Amino acid sequence: MESDDGRIALPPDAYWLIWEKSTNGVIRLCQKKGGCWSPVREVARAPQTIVIDNDTETIHLFYDVAIDRADIAGALKRLAARLRKPPEL
């Protein structure tokens, strides 16, 4: 799993991850492990775009790249450019 926000620590052993927002606006990261959902922690924000690359078995979490509905073609070009970029260490 790769993220463009290095401050986000993800649980390494979760089978599924979801971000949920409660009715009072609290965003939590939840994981599915052993068949049960459980909150991991509160987070400042959820990713705006998630890309799954089955060829490399990589999940890309983009916090700063959103798909602009007014410019889908441009947004996809920008996203493709980010995916071509080697990850920063």
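This text follows the structure it describes.
First, a word on scope: everything that follows refers to the structure included in this document. Computed from a predicted model, the values in this text were never measured in an experiment.

Cut-offs applied
Residues numbered from 1 in each chain as written. Predicted model: local features only at pLDDT ≥ 70, side-chain atom pairs only at ≥ 80, totals over all residues. Heavy atoms only, no water. Helix = DSSP H or I, 4+ residues; strand = E, 2+ residues; numbered from the N terminus. Expected span 1.5 Å × (residues − 1). Contact = heavy atoms within 4.5 Å. Pairing = 2+ DSSP bridges. Axes fitted to C-alpha atoms, helices over the stretch in contact; angles between N-to-C directions. Salt bridge = Lys/Arg side-chain N within 4 Å of Asp/Glu carboxyl O. Buried < 20%, exposed > 50% of the residue type's maximum accessible area, 1.4 Å probe, protein only.

## Examining helix 1 (residues 72-84)
Okay, step 1: Helix length check: helix 1, at 13 residues, gives a terminal C-alpha distance of 18 Å against a target of 18 Å (1.5 Å per residue), a fit within 8%.
Okay, step 2: Check the buried side of helix 1 and you find it contacts strand 5 (49-53) and strand 6 (58-62).

## Digging into the sheet that holds strand 4 (residues 36-42)
Okay, step 1: As summarised here, the arrangement of the 3 strands in space is 2-3-4, forming an open sheet in which the pairing is antiparallel. Each of the sheet's edge strands pairs with one partner strand only, and the pair in question is strand 2 (16-21) and strand 4. On average, each strand axis in the sheet is inclined to that of its neighbour by 30 degrees, with strand direction left out of account.
Okay, step 2: Note that strand 3 (residues 27-33) and strand 4 share 6 bridges and pair antiparallel. Residue L29 lies in a different strand from strand 4, and its bridge partner there is R41.

## Quick word on the pattern of salt bridges
Okay, step 1: Per the counting criterion, the structure on display carries 3 salt bridges.
Okay, step 2: R28 is the salt-bridge partner of E20, the closest N and O atoms lying 2.3 Å from each other.

## Some remarks on unusual backbone geometry
Okay, step 1: A positive phi angle is found at E57, which is not glycine, with a value near 55 degrees.
Okay, step 2: When you line up the elements, E57 lands in the loop between strand 5 and strand 6.
Okay, step 3: Relative accessible area serves as the criterion here: at 73%, E57 is assigned to the exposed category.

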